[in-house]
Amino acid sequence: MISKRAKKVKPSATLSIDTKAKEMKAAGIDVISFAVGEPDFDTPDNIKAAAIKAINEGFTKYTPVGGIPELKNAIAAKLQKDNGLDYKPNEILVSVGAKHSLYNAAQALYSEGDEVIIPAPYWVSYPDQTLLNDAAPVIVETREEDLFVVSPDQLSKAVTKKTKAIVLNYPSNPTGFTYDRKALEAIAEIAVKNNIYVISDEIYEMLLYDGLKHVSIASIDPEIKKRTIVINGFSKSYAMTGWRIGYAAGDAAVIKAMENIQSQSTSNPTSISQKAALEAVNGPQDFIPVMLTEFDKRRKYLVAELNAIDGVSCKMPQGAFYAFANIKAYLGKKSPNMEIADSSAMALYLLEEAAVALVPGSAFGAEGYIRMSYATSMEKITEGLKRLKSALQKLA
Ligand SMILES: *Cc1c(COP(=O)(O)O)cnc(C)c1O
């Protein structure tokens, strides 16, 4: 039967709720989904055109495993320009999405007996990818009053001799909060002192509001840069989730190990998608501020409306496209059919009672919260909020 390894993992919770919502939709139910983890914008036309051109020109064969040189060079230039980071092409690996980059990093770095510190709320795949690679996730719960950012004190307490890495994601999915330079400096100091790697998932770097500027932990000093694997990709910034292109940048020896693993599993990411990604980094960037302005409007509206609902509170997120709302006041309440024992019961209740899909905080290791994506239209947000409010009012 199936392996011990396969038994350790569960399906991605965010994807499975989305699947259930899609099934209800297919059955004719008008579901409003706040569960999606991808921009509701179409991939820009210049990017699509680059892919079509690649097909027409016959660019449809194997490429070098770690990505075509033009794309690696373009990514290196981007890292220099946006993040002040100097990486050579042999310090960059292009993969089948950022999730694949994260997985390659876990494969290349973790061994049995290693501990990996994961601040919660975390992105759903970090603990499972750690388990799949024989290491032990060490979950550190952050506090809402700290804007879900791990404190140096919490981090120091979690470090042991077995600590191999810490996984950071900023701006964060699910909370929408980010780390500023000062917070990153404190973490970098602890990581360098204890010689631990930082897996730095920066996939939402372009999606920051109110003029906030993203800082990569790798840019703090050369010591932390050596120990950081920067993870990024095209899915979120360029609305390219289906194209599957992400990348990692880091120490050449680690990147080489990741490339070897990739060469024995997927080989190169899709040739056509690589040409599309090349156009995304090199072409006009005006799509991003347009998308950001729209997200910003929805962010302010959604969060204000959530805070106007009795028993719901939500801090204003700084980035990404998620609101992480506190619903603790409703836990223990009842509907005629069920008790709202936890966030996952709440998500089920809202799906069944109001045809509103969202993701329970428990999926991200944080009980008492719900994650609502605002990568959906203003009309849907308005209607969804109306339904949410009336379903919550029925609980006693
Ligand atoms: C969407 C997402 C990813 C994965 O992105 P892909 O490039 O599509 O694989 C990785 N990390 C976080 C936090 C995400 O939200």
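In this text the structure is predicted, and so the values were computed from the model without any measurement. (Residues numbered from 1 in each chain as written. Predicted model: local features only at pLDDT ≥ 70, side-chain atom pairs only at ≥ 80, totals over all residues. Heavy atoms only, no water.)

### Section: the pairing of strand β6 (residues 197–201)
Right, on to step 1. Counting buried positions over the five residues of β6 gives four, a clear majority of the element.
Right, on to step 2. As paired strands, strand β5 (residues 163–169) and β6 are joined by five bridges and run parallel to one another. Looking across to β6, one finds that L168 is bridged to S200.
Right, on to step 3. As paired elements, β6 and strand β7 (residues 228–233) share four bridges and run parallel to each other. Residue pairing across strands places D201 opposite I231, the latter belonging to β7. (Buried < 20%, exposed > 50% of the residue type's maximum accessible area, 1.4 Å probe, protein only. Helix = DSSP H or I, 4+ residues; strand = E, 2+ residues; numbered from the N terminus. Pairing = 2+ DSSP bridges.)

### Observations regarding the packing of helix α3 (residues 45–56) against helix α11 (residues 271–282)
Right, on to step 1. Where α3 contacts α11, the axes come no closer than 8 Å and their chain directions differ by 145°. The handedness of the crossing between α3 and α11 is right-handed. Here N46, I47, A50, A51, A54 and I55 of α3 come into contact with α11, specifically with I272, K275, A276, E279 and A280.
Right, on to step 2. Of the residues in the contact of α3 with α11, the class split is eight nonpolar, one polar and two charged. (Axes fitted to C-alpha atoms, helices over the stretch in contact; angles between N-to-C directions. Left-handed = near helix turned anticlockwise from the far one by under 90°. Contact = heavy atoms within 4.5 Å. Nonpolar A, V, L, I, M, F, W, Y, C, P; charged D, E, K, R; others polar.)

### Thoughts on the domain arrangement of the protein
Right, on to step 1. Each assigned domain of the protein is listed here: domain 1 (4–42 + 287–393) and domain 2 (47–282).
Right, on to step 2. The distance between the C-alpha centroids of domain 1 and domain 2 comes to 26 Å.
Right, on to step 3. With 38 residues of domain 1 at the contact, the number on the domain 2 side is 35 residues.
Right, on to step 4. Taking both partners together, domain 1 and domain 2 bury about 3,300 Å²; carbon and sulfur atoms supply 59% of that area.
Right, on to step 5. When residues of domain 1 are sorted by the area they lose upon contact with domain 2, K315, Q318 and F364 head the list and together hold 21% of the total.
Right, on to step 6. Run the count over domain 1 and domain 2 and you get four salt bridges. (Domains from an automatic or database assignment. Buried area = accessible area lost by both parts, 1.4 Å probe. Salt bridge = Lys/Arg side-chain N within 4 Å of Asp/Glu carboxyl O.)

### Considering the environment of T43
Right, on to step 1. Within the secondary structure, T43 is located in the loop between β1 (32–33) and α3.
Right, on to step 2. Within the structure, T43 has its side chain in polar contact with the backbone oxygen of A239 (distance 2.7 Å).
Right, on to step 3. Only 3.1 Å separates the side chain of T43 from the side chain of W243, close enough to count as a polar contact. (Polar contact = N/O pair within 3.5 Å; in protein donor to acceptor, adjacent residues only side chain to side chain.)

### Some points on the UniProt feature "domain: Aminotransferase class I/classII large" (unreviewed entry) in the protein
Right, on to step 1. As annotated in UniProt, the feature "domain: Aminotransferase class I/classII large" (unreviewed entry) corresponds to residues 30–388 in the numbering used here.
Right, on to step 2. End C-alpha to end C-alpha, residues 30–388 measures 14 Å, and it is 39% helix and 15% strand. (UniProt positions renumbered as here; feature names shortened; annotations may be inferred.)

### Side note on the pattern of salt bridges
Right, on to step 1. For the structure on display, the rule yields 22 salt bridges.
Right, on to step 2. The residue D30 makes a salt bridge to R387 at a minimum N-O spacing of 2.7 Å. Within this pair, whereas D30 is found in the loop between α2 (13–26) and β1, its partner R387 is found in helix α14 (residues 378–393), the two being separated by 357 residues in sequence.
Right, on to step 3. As a salt-bridge pair, E294 and K297 come within 3.4 Å of each other at their nearest N and O atoms. A residue pair is termed a helical-turn pair when its members lie 3 or 4 positions apart in one helix, as E294 and K297 do in helix α12 (residues 287–307) at three residues.

### Observations concerning the packing of helix α5 (residues 98–109) against helix α6 (residues 125–132)
Right, on to step 1. α6 packs onto α5 with a crossing angle of 35° between their chain directions and a minimal axis gap of 9 Å. For the pair α5 and α6, the sense of crossing is right-handed. Listed contacts from α6 to K99, L102, Y103 and A106 of α5 are S125, Y126, Q129 and L132.
Right, on to step 2. Of the residues assigned to the contact of α5 with α6, the class counts are five nonpolar, two polar and one charged.

### A word on the side chain of Q154
Right, on to step 1. Along the polypeptide, Q154 turns up in helix α7 (residues 152–158).
Right, on to step 2. Here the side chain of Q154 touches E141 through a polar contact of 2.9 Å, landing on its backbone oxygen.
Right, on to step 3. The residues touching Q154, leaving out its near neighbours within four places in the chain, are V140, E141, T142, R143 and V149.

### Regarding the environment of E339
Right, on to step 1. Relative to the assigned elements, E339 resides in the loop between β9 (322–326) and α13 (343–354).
Right, on to step 2. Through-space distance from the C-alpha of E339 to that of A396 is 9.6 Å; in sequence the pair is 57 residues apart.
Right, on to step 3. Ignoring any residue separated from it by four or fewer positions in sequence, one finds E339 in contact with G332, K333, K334 and A345.

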